[in-house]
Amino acid sequence: MTDNSSHMPELAVLSEFLSLTAQEESSGGLHDEAHRLYVGLHSQPRVAVAGEFSSGKSSLVNLLVGTDLVQTSVLASRLPTILYEYGTEQKIMVGWWSDTAEDKREFADLDSAAELKPDFIRVTLPADILRMVSLIDLPGTNDPLRAKERTLEMADNAHILLWCTNAVQAWRETERRTWSQLPGQLKENGILVITHVDLPSIRKSLDRLMKRMTDELSSHFHALIPFQSPKAAKARKDGTVSNKTAWEEAGGAQLLENIATLAATVRKESLASARALIEKEINPRLEALRAEAAASVPKPGEILEEWRSTVDGIVSRVEGDKSIGTDEFLSLCRAAVQDVSRMLEHPGLEGPAVAALKAEFRGAAHMFDQSRLADGDEGPEEAALILLQLGYELGSFAAQDG
Ligand SMILES: Nc1nc2c(ncn2[C@@H]2O[C@H](COP(=O)(O)OP(=O)(O)OP(=O)(O)O)[C@@H](O)[C@H]2O)c(=O)[nH]1
Ligand SMILES: [Mg+2]
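Counting from 1, residues in each chain are numbered in the order their sequence is written. The lettering of chains begins at A and the numbering of ligands begins at 1, in the order of writing. Totals for whole chains, interfaces and linings use every residue, but because this is a predicted model, local features are given only for residues with pLDDT of at least 70 and side-chain atom pairs only at 80 or more, for both listing and counting.

## Focus on the overall build of the chain
What counts is decided by this rule: A run of H or I in DSSP counts as a helix once it spans at least four residues, and a run of E counts as a strand once it spans at least two, with each numbered from the N terminus. Note on burial: count the other C-beta atoms lying within 10 Å of the residue's C-beta; 20 or more is buried, 12 or fewer is exposed, in between is partly exposed, and C-beta positions come from the backbone. Throughout, a pair of residues is in contact if the C-beta atoms placed from their backbones lie within 7 Å.
Within the chain one finds 17 helices and eight strands. In terms of principal-axis extent, the alpha carbons of the chain reach across some 80 × 50 × 35 Å. Among the 402 residues that make up the chain, the fraction classed as buried is 32%. Sequence-distant contacts in the chain: of pairs separated by 6 or more residues, those separated by 24 or more amount to 74%.

## Things to note about the nonpolar core
Heads up, the rule is: What makes a nonpolar core is a set of buried Ala, Val, Leu, Ile, Met, Phe, Trp, Tyr and Cys residues, with links drawn between C-beta atoms within 7 Å.
Counting 59 residues, the largest nonpolar core has V47, V49 and V193 as its most contacted members. Setting aside its immediate chain neighbours within four residues, V47 contacts V133, S134, L135, I136, A158, I160, L162 and I259. Core analysis: the next-biggest nonpolar cluster, separate from the first, contains 13 residues, A336, L344, F361 and L390 among them.

## So, the site of ligand 1
Defined as follows: Each residue gets a C-beta atom placed from its backbone. If that atom is within 6 Å of a molecule or strand, the residue is near it. For this classification, Asp, Glu, Lys and Arg are treated as charged, while Ala, Val, Leu, Ile, Met, Phe, Trp, Tyr, Cys and Pro are nonpolar and the rest, including Gly, are polar.
For ligand 1, the set of nearby residues contains 23 residues, the closest of which are G56, S58, T72, G140 and S229. Going through the elements one at a time, α3 (57–65) and α11 (229–235) are the ones with two or more residues in the shell around ligand 1. Class assignment of the residues belonging to the shell around ligand 1 gives a composition of seven nonpolar, 14 polar and two charged.

## Comments concerning the domain arrangement of the chain
Selection rule: Boundary definitions for the domains trace back to an automatic or database domain assignment.
One can read the domain layout of the chain as domain 1 (5–40 + 270–295), domain 2 (45–250) and domain 3 (298–401). The centre of domain 2, based on its C-alpha atoms, is set 41 Å off from the matching centre of domain 3.

## What about the sheet that holds strand β8 (residues 223–226)?
This is how it is decided: Strands are treated as partners if at least two bridges between them are detected by DSSP. With axes taken as lines fitted to C-alpha atoms, and helix axes fitted only over the stretch in contact, angles between N-to-C directions fall between 0 and 180 degrees.
The strand order across the open sheet built from eight strands is β3-β4-β2-β5-β1-β6-β7-β8, with neighbouring strands paired in mixed fashion. Among the strands making up the open sheet, the edge pair consists of β3 (91–95) and β8. Pairwise comparison of adjacent strand axes, ignoring direction, gives a mean angle of 20 degrees for this sheet. Relative to β8, strand β7 (residues 190–195) runs parallel, the two being bridged by four bridges. From the neighbouring strand, L192 faces β8, where its bridge partner is L224. Lying over the sheet, α3 contacts β1 (46–51), β2 (81–86), β4 (120–125), β5 (134–137), β6 (160–166) and β7, oriented at roughly 155 degrees with respect to β5.

Printed below as a string of structure tokens:
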């Protein structure tokens, strides 16, 4: 993620509004809309590379980012979605679409990250293209049970679509159906990449194929690009083009140009939407929200009090019923952590001590959310230790405050 906040006043306004409304259950639609726009402005537009299995998605992404982390194969990939973002060094992490806080754990390879069954694996790389867009390499969509789920997942998290279709069976009924379920906005920013056009059987009749595809689909896609992965990969080793002619003939240059055009459009649209929302909905409420926040800052002593009474509640629940199930116990712990986390997120609470405490609580909430506690007998024990530790931290926080 590249930080744009220094030269984008809209980001500062959105960020303030988000923290002022973080606890407001009723803010619903507007808070979510502001969050979507904030993410849209704060990070690179996301390009989802989708299509049926073995249509050449990973080959395409690999050559764009200049690595072969994902093995390409004629067998359907068992890896989850891979999200590539810009970073100064290569790192492999895991992520869940619903999590706003990033998981910082690093993995040595994709397989060990996949063992955690994340929604996606996040890879950061110092690749030039990632300064412009993030790339999402999706697993094939043929599995009808998972297709819809992934389609929606991707639709919520992407701005630009590269749909890979294998020239040998271009634009099959099944892919047409999956594609048609995507939201209109994503489809409008779509590029159809027709892969495998280097195969001799295709080459002979490529003109005819392209004419048929253009007649049928040019109104549905921003561009239709015949693509030869093997040739493009040779012409652009490690992310830099070494043979310009071959790169152009393979479809690489045309592909990059179209991605750049769409990325610029997405950025412009995000900025325009953010400005409109700020002017119409956010600015008129900001003053009142600020005043409200200033009047309702919770005191450290109150937070500690809240924590103690919740934990006391859990203790009496356990003492009253020794047969309480692990799941119930863990969900009580989770609720206690979330409760106090919400109080700590109050925008009127500032300073390094609060920040450290918030991080502790977020980390704990994360453990509970993703059930990352040990299976079996150690789970409750681990949970109790986490509660103890949090109570201790809260106690010293309240003590510092006097
Ligand atoms: N000849 C030729 N082979 C290609 C092309 N694109 C991909 N391939 C080959 O097709 C096979 C599948 O490619 P992948 O890139 O793994 O396809 P994928 O869409 O990521 O597959 P899944 O993730 O399993 O759905 C691999 O053996 C690639 O080498 C192409 O343009 N031309
Ligand atoms: Mg793949």
